[in-house]
Amino acid sequence: MLRSLRRHAELLRRLLAGGAAVLVFALGVFAASPALHDWLHGTEATPADDGCAVVLFASGVSVPLEAIALAPPVELGRETRCVVPQEIFLASPRYLRRPERGPPVLG
């Protein structure tokens, strides 16, 4: 059941990403072609409409919003537990310098 739920979530994520990519591509095409933009509105001459999604996409939007201060997340009733090893095993190195990293050979 968990696998099918993950599979459906992955499919939904891919469809949403593909739809967003198609939307951005379509808005770019409509913004680049005045004839297609006029066809989209269904009129021959499009008035200067600032509310049109194609115009907003082409020129960009700057919305003056105040910064929203978010409170940092708070842990509730959780303790952090660390795994501490009982013994530390140290091994001596096989070489002080590995053979491929030794001093250069002169000769």
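Residues numbered from 1 in each chain as written. Predicted model: local features only at pLDDT ≥ 70, side-chain atom pairs only at ≥ 80, totals over all residues. Heavy atoms only, no water.

### So, the overall build of the protein
Here's step 1: Of regular secondary structure, the protein possesses 3 helices and 0 strands.
Here's step 2: Surface accessibility of the protein: about 11000 Å² in total, with carbon and sulfur atoms responsible for 63%. (Helix = DSSP H or I, 4+ residues; strand = E, 2+ residues; numbered from the N terminus. Areas by Shrake-Rupley, 256 points an atom, 1.4 Å probe, with all protein chains shown as cover.)

### Some points on the pattern of salt bridges
Here's step 1: Enumeration according to the criterion identifies 2 salt bridges in this entry.
Here's step 2: Between Arg-13 and Glu-10 there is a salt bridge, with its nearest N and O atoms 2.6 Å apart. Here Glu-10 and Arg-13 lie together in helix 1 (residues 2–32), a separation of 3 residues that amounts to about one turn.
Here's step 3: For Glu-10, a relative accessible area of 29% puts it in the partly exposed group.
Here's step 4: The partner of Arg-14 in a salt bridge is Glu-10, and the shortest N-O contact between them spans 3.0 Å. (Salt bridge = Lys/Arg side-chain N within 4 Å of Asp/Glu carboxyl O. Buried < 20%, exposed > 50% of the residue type's maximum accessible area, 1.4 Å probe, protein only.)

### Details of a nonpolar patch on the surface
Here's step 1: Taken together, Phe-25, Val-29, Leu-36, Trp-39 and Leu-40 make up a surface patch of nonpolar side chains, about 530 Å² in accessible area.
Here's step 2: For the nonpolar patch, the elements supplying multiple residues, two or more each, are helix 1 and helix 2 (34–41).
Here's step 3: In terms of residue count, the dominant contributor to the nonpolar patch is helix 2 (3 residues).
Here's step 4: Within the secondary structure, Leu-40 is located in helix 2.
Here's step 5: Judged by its relative accessible area of 42%, Leu-40 is partly exposed. (Patch = residues over 30% accessible without salt bridge, like charges linked within 9 Å, V, L, I, M, F, W, Y side chains within 5 Å.)

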